[in-house]
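Tertiary structure, described
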Amino acid sequence: RKSSPKGNQVRRLSVSLLPSQERSGTHQQRSTRNIMPNYYHKPENALRRAAELQGIKQPEAALALLHEVLASRGGGRSHKTWSTTYEKIMIVYLDLCLALTKSREAKDGLHQYRNLSQQQAPGSLEKVIRHLITSAEKKCAEAKAKSEKRTGVEGVDAPLGDDAEDMESSATSQSILFSTMNIDPEQTQRETSLLLPSLKFLWETYRTVLDILRSNSKLEHLYHGTAVSALGFCRSYKRRTEFRRLCEMLRQHLGNLQKYGNVPSTPGGDGKNKGLRGWEGWTTESIELHLQTRFAQLETASSLELYTESFRTVEDIYGVMQ
């Protein structure tokens, strides 16, 4: 039904007679929502504010703020431009994740920083990853030493071996059963509360780094160094379940390189090797690094007495040499 001109004039007049504060209230709220995040999304301001939050014992708030900065698009632009300030933010962010044992947030932050720095500053990505791995390994060693000191027995690897709970899942009925069957339940509880969180974080760090660098030719030394460290982790703590998963992950990465790695990836290419971003093709050095990693994998499988994995690793070595 058509509205009369007189009715339209009355409605316009009623709106104009509203107080100016009511008419501009919604606009002011929208402006506030837009201005405040943009202020803290500036890397320098966010880093300063995060330090203030840490000073008043609010690490969770500092972590959430830095995560928003890493996940934002940079003031409306489609892509952020890397700077050294982002590297400082990332190091503080990872330190907070480590202190709070937030492996999922650390994984998401590393993926965000990989997208930002892989093309613009690959050296910064390597520096950040090495910092995280070194810090996580140091914390795990400290937790192990503290657990041994409280227990009074050196070498707590056995209770954390094949009968311990799966580090990628919550407590299961089998893990609870084995903990009750242990000779010293108090020792198991101390080790679980002190050492297991650090072990889980370190394990997730290894997996995240390997996933991020699986096809990065510029950082392939870091990839294989991380793989060898992860294998040593499984051997030291007798983690057979995690070792099988690690072997499967490395095998999948190698299979993708063998299937799609004949053509180097190019920015804006035709997508034939869409999943191999950063891959520059096979070289003699790449083959040698893969062989060294598989030999370390074979040695770890033999040490853990997982002979099926040993045979599969020999097949992987044969595939690399072809």
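Model, not experiment: these values are computed from the prediction.

Turning to helix 10 (residues 196-212), a few remarks are in order. With 17 residues, helix 10 should reach 24 Å at 1.5 Å per residue; the first-to-last C-alpha distance of 24 Å fits that figure. The element helix 10 is largely enclosed, with a buried count of 12 among its 17 residues. Those residues of helix 10 not exposed but buried are L196, S198, L199, F201, L202, W203, T205, Y206, T208, V209, L210 and I212.

Its location among the elements puts S215 in the loop between helix 10 and helix 11 (220-236). The buried category is assigned to S215, whose relative accessible area is 5%. In the structure, S215 is positioned 41 residues away from N256 in sequence and 8.9 Å away in space, judged by C-alpha atoms.

What follows concerns the pattern of salt bridges. Any two side chains of opposite charge can pair, so long as their charged atoms come close to each other. Inspection of the entire model under this criterion finds 12 salt bridges. With a shortest N-O distance of 3.1 Å, R214 and D211 are connected by a salt bridge. Among the residues examined, R214 registers a relative accessible area of 29% and is labelled partly exposed. The closest approach of N and O atoms between E248 and R251, which form a salt bridge, is 3.4 Å. Note that E248 and R251 are positioned in helix 12 (residues 240-260) at a spacing of three residues, about one turn of the helix. Residue classification places R251 among the buried residues on the basis of a relative accessible area of 14%. What you see here is one network of salt bridges that share partners, running through E248, R251, E309, R312 and D316.

Bringing helix 14 (residues 307-321) into the picture now. Taking 1.5 Å of rise per residue, the 15 residues of helix 14 would be expected to cover 21 Å, and the 21 Å separating its terminal C-alpha atoms lies within 8% of that figure. Every buried residue belonging to helix 14 is among E309, S310, T313, D316, I317 and V320, and all of these are buried. Each buried residue of helix 14 sits inside an arc of 115 degrees when the element is viewed along its axis, so together they form one side. Exposed side chains of helix 14 directed beyond 90 degrees from the buried face belong to Y307, T308, F311, E315 and Y318.

Okay, the packing of helix 13 (residues 284-303) against helix 14 next. Remark: helix 13 packs on helix 14, axes separated minimally by 9 Å, with the N-to-C direction vectors making an angle of 170 degrees. On the basis of their axis angle, the class for helix 13 and helix 14 is roughly antiparallel. Only E309, S310, T313, V314, D316, I317, V320 and M321 of helix 14 make contact with helix 13, whose side of the interface consists of I287, H290, L291, R294, F295, Q297, L298, A301 and S302. In the contact of helix 13 with helix 14, the residues fall into nine nonpolar, five polar and three charged.

In this structure, R294 sits in helix 13. No salt bridge is formed by the buried R294. Its closest oppositely charged neighbour is D316, at 4.9 Å. When residues no more than four places from it in sequence are discounted, the contact partners of R294 are L250, R251, L254, T313, D316 and I317.

Let us now look at the packing of helix 3 (residues 43-55) against helix 4 (residues 59-71). For the pair helix 3 and helix 4, the least separation of the axes is 8 Å and the interaxial angle reads 165 degrees. As judged from the angle between their axes, helix 3 and helix 4 are roughly antiparallel. In the crossing of helix 3 with helix 4, the sense of the turn from one axis to the other is left-handed. Contacts between helix 3 and helix 4 pair A46, R49, A50, L53 and Q54 from the former with A61, A62, L65, L66 and V69 from the latter. Looking at the contact of helix 3 with helix 4, its residues break down into eight nonpolar, one polar and one charged.

All right, on to the side chain of S310 then. Locating S310 in the fold gives a position in helix 14. Not counting the four nearest positions on each side in its chain, S310 is found in contact with L298, A301 and S302.

Further remarks concern the confidence of the model for the protein chain. Averaged over every residue, the pLDDT of the protein chain is 78; the share at 70 or more is 67%. Taking the mean pLDDT of every element in the protein chain, the minimum, 43, falls on helix 8 (residues 173-181) and the maximum, 96, on helix 11. Note on residues 13-36: pLDDT is under 50 here. Beyond four places in sequence and across chains, it has four contacts. Here residues 268-272 is a poorly scored stretch, pLDDT under 50, and it has one contact once near neighbours within four places are set aside; other chains count.

Calculation criteria
- Residues numbered from 1 in each chain as written.
- Predicted model: local features only at pLDDT ≥ 70, side-chain atom pairs only at ≥ 80, totals over all residues.
- Heavy atoms only, no water.
- Helix = DSSP H or I, 4+ residues; strand = E, 2+ residues; numbered from the N terminus.
- Expected span 1.5 Å × (residues − 1).
- Buried < 20%, exposed > 50% of the residue type's maximum accessible area, 1.4 Å probe, protein only.
- Salt bridge = Lys/Arg side-chain N within 4 Å of Asp/Glu carboxyl O.
- Arc of directions from axis to C-beta.
- Axes fitted to C-alpha atoms, helices over the stretch in contact; angles between N-to-C directions.
- Parallel < 35°, antiparallel > 145°, perpendicular 65-115°, else oblique.
- Contact = heavy atoms within 4.5 Å.
- Nonpolar A, V, L, I, M, F, W, Y, C, P; charged D, E, K, R; others polar.
- Lys, Arg positive; Asp, Glu negative; His and termini not counted.
- Left-handed = near helix turned anticlockwise from the far one by under 90°.
- pLDDT = per-residue confidence, 0-100.

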